[in-house]
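Reading the structure
For reference, the chains in residue letters:
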Amino acid sequence: MQLFSITKILLKTLGRGPSTLRYPSEPAKRYENSRGQVEINIDDCIFCGLCRMHCPADAITVDKSSATWSIDRFRCISCNSCVETCPKSCLKLNNVYHEPVISGPLVESFKGTPKAQAEKSEE
Amino acid sequence: MSSRRIVVPFGPQHPVLPEPIHLDLVLEDEHVVEAIPSIGYVHRGLERLVEKRDYKDFVYIAERICGICSFIHSVAYCQGIENIMNLEVPRRADYLRTIWSEYSRLHSHLLWLGLFADAMGFENLFMNSWRLREKVLDAMEETTGGRVIQGVCKVGGVRKDISNSKLSEMVKDLDILSSEMEDLCNVFFDDDTVRHRTKGVGFLSKDDAYKLGAVGPTARGCGISYDVRKTGYAAYNDLDIAPVVETGGDCYSRCNVRAKELLQSVDIIRQAVANIPDGDVDVKVKGNPNGEYFSRVEQPRGECIHYIKANGKKNIQRDRVRTPTSANIPALVKMLAGCEMADVPVIVLTIDPCIGCAER
């Protein structure tokens, strides 16, 4: 039984400085594997819709007729499911979290280029 | 002089409660005569989603049943599907599941010890517990990509591998961390403040714990030597594990069980890293499951059950989950009867309630 048993920890941690960060002025540490937000290389996308089918949060919308790929950043749970199912490997998950949304749309849309459409029709 | 009975509502929002549990406390002066629990504030209908989602995609939803034991929920679900489909998971995947499960246990217990210290008003101990927890979370983020929701378990294995050199580094970091944990645990074992608030408080006898179906540290704190890891799922049958058992039956014993399990988890990770085989980490899964399986795992809070029934379609028929908190609520009601009003937060916290888990 001790009265000041935490003193050992206090003395050990006394000279260490704070364990916390001055976020956001001091950026938080991100690892190579950290799951941030989904990025798309729209030029390679064939709008097959597999990413939409396998998205557990229904965050992705694919419109084949207008060659548009959209993602709702608020719905996305950064699970990496779409990246794994993409047959063209045009999706990837970076290690940066999405910036706080202050204004503007939460849904980000990407329009396919005519070149990708032309290549697709040739196939 | 006869005393008057009054009913005090406790929760679902309360400064010392991390979870939205609601208790109607029937008081006689300052003594609790009876506690009537009611849950249903955060129900999300996750079990029902299994009928609408592909069985492979449901892993993500199963993982979100609980924010703390998320990885172990996905292990329970995946091993259920794998057993229905007779899939042989690579041994390396089993070891990785074991390592990440134990990291989950470390982070859950450190979080709980901090919350427990906070409920007692011991702020310094709370901050030191959470400081150590951050290091565990960093290790998880580095290896899996997620701090709390790991998202690495899948039907047929795991999504990511950890290189052997990285595993050795992790063990070296754990050696430093475990010495700090020992100092922290000694405070929980020896400190006067902790002892005065927990010794003899919230007593539950071994018979009552058995009859009321208590699981996890709540049961082990009453002297019941019951740990689902001993059944040998994942890679636990290759490792040397002995359940941590205390016989006191009070809050102090349950706290001690969790503190000792921290050191046990570090030991299990060391053993797993020493014995991990090389090879693949997943197998290809074809077809749909057809059959049923009763999958049991040991979460930080206790035994968790996923009963899975599939009918050969891509959407399985039923995934009934029984979480450790559901099993521990009858024991909690028994503990609360006869205690002091001021001890209620401490007693409620000793079962480590997770209402998000219990309501799914």
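Residues numbered from 1 in each chain as written. Chains lettered and ligands numbered in written order. Predicted model: local features only at pLDDT ≥ 70, side-chain atom pairs only at ≥ 80, totals over all residues. Heavy atoms only, no water.

Here we take up the pattern of salt bridges. Residue and element names in this part refer to chain B. Throughout the structure, instances matching the rule amount to 37 salt bridges over all chains. Between K334 and D208 there is a salt bridge whose closest N-O contact spans 3.9 Å. Highlighted residues: K334 in helix α10 (residues 324-336) and D208 in helix α7 (residues 206-211), separated in sequence by 126 residues. The network of salt bridges with shared partners includes E102, R105, R220, D227, R229, E261 and E298. (Salt bridge = Lys/Arg side-chain N within 4 Å of Asp/Glu carboxyl O. Helix = DSSP H or I, 4+ residues; strand = E, 2+ residues; numbered from the N terminus.)

What follows is about the sheet that holds strand β3 (residues 31-38) of chain B. Residues and elements named next belong to chain B. In space, the three strands of this open sheet follow the order β1-β2-β3, with antiparallel pairing throughout. Whereas interior strands pair on both sides, the edge strands pair on one side only; in this sheet they are β1 (5-10) and β3. Across the sheet, the axes of successive neighbouring strands diverge by a mean angle of 25°, strand direction being ignored. In this sheet, β3 lies alongside strand β2 (residues 22-28) in antiparallel orientation, the contact comprising seven bridges. Opposite V26, over in β3, you have E34 as the bridge partner. (Pairing = 2+ DSSP bridges. Axes fitted to C-alpha atoms, helices over the stretch in contact; angles between N-to-C directions.)

A few words on unusual backbone geometry. Residues and elements named next belong to chain A. A positive phi is found at D58, a non-glycine position, where the angle reads about 55°. Within the element layout of this structure, D58 appears in the loop between α2 (50-54) and β2 (60-63). With a relative accessible area of 44%, D58 lands in the partly exposed category. (Buried < 20%, exposed > 50% of the residue type's maximum accessible area, 1.4 Å probe, protein only.)

With that settled, consider the interface of chain A and chain B. The figure often quoted for interface size is the accessible area lost as the parts come together. Opposite the 28 residues of chain A that make contact, chain B presents 29 residues. At the surface where chain A touches chain B, the tally comes to five salt bridges. For K8 of chain A, the salt bridge is made with D183 of chain B, and the minimal N-O distance between the two is 3.1 Å. Here the side of chain A that touches chain B takes five residues from helix α1 (residues 7-13) of chain A, the largest share from any one element. (Contact = heavy atoms within 4.5 Å.)

Another point: the sheet that holds β2 of chain A. All names here are of chain A. Taken in spatial order, the three strands make up an open sheet running β2-β3-β5, and their pairing is antiparallel. Looking at the sheet topology across the chains shown, the edges are occupied by β2 and β5 (107-111). Pairwise comparison of adjacent strand axes, ignoring direction, gives a mean angle of 15° for this sheet.

Before going further, it helps to examine the side chain of R220 of chain B. All names here are of chain B. Here R220 is to be found in helix α8 (residues 216-220). Polar side-chain contacts of R220 include one of 3.0 Å to the backbone oxygen of Y226. A distance of 2.5 Å separates polar atoms of two side chains, one belonging to R220 and the other to E261. For R220, the residues in contact, after removing those within four places along its chain, are Y226, D227, P243, V244, V245, E246, V257, E261 and E298. (Polar contact = N/O pair within 3.5 Å; in protein donor to acceptor, adjacent residues only side chain to side chain.)

This part takes up the nonpolar core. Among the nonpolar cores identified, the biggest contains 112 residues, and Y77, Y103, L106, L125, F188, L336 and V348 of chain B are the most heavily contacted of them. For Y103 of chain B, the contacting residues outside a window of four places in its chain are V136, A139, M140, M170, L174 and I269 of chain B. Within the second largest apolar cluster, 19 residues are counted, among which are I42, C45, V62 and L91 of chain A. (Core = buried A, V, L, I, M, F, W, Y, C linked by side-chain atoms within 4.5 Å.)

Further remarks concern the confidence of the model for chain B. Here chain B averages 87 in pLDDT, while 99% of its residues score no lower than 70. The ipTM, which scores confidence in the relative placement of chains, is 0.81 for this predicted complex, and the corresponding pTM is 0.88. (pLDDT = per-residue confidence, 0-100.)

Residue and element names in this part refer to chain B. Here helix α2 (residues 70-84) contains 15 residues, and its C-alpha end-to-end distance of 22 Å stays within 8% of the 21 Å for a straight helix at 1.5 Å per residue. Among the 15 residues that make up α2, 14 are buried, leaving the element largely enclosed by the rest of the structure. Just downstream of α2, N86 is the residue with a positive phi angle, here 55°. (Expected span 1.5 Å × (residues − 1).)

This paragraph deals with the packing of helix α3 (residues 91-120) of chain B against helix α4 (residues 123-144) of chain B. Residues and elements named next belong to chain B. For the pair α3 and α4, the least separation of the axes is 8 Å and the interaxial angle reads 160°. In terms of orientation, α3 lies roughly antiparallel with respect to α4. For the pair α3 and α4, the crossing hand works out as left-handed. Taken together, the residues that form the contact of α3 with α4 break down as 16 nonpolar, six polar and three charged. (Parallel < 35°, antiparallel > 145°, perpendicular 65-115°, else oblique. Left-handed = near helix turned anticlockwise from the far one by under 90°. Nonpolar A, V, L, I, M, F, W, Y, C, P; charged D, E, K, R; others polar.)

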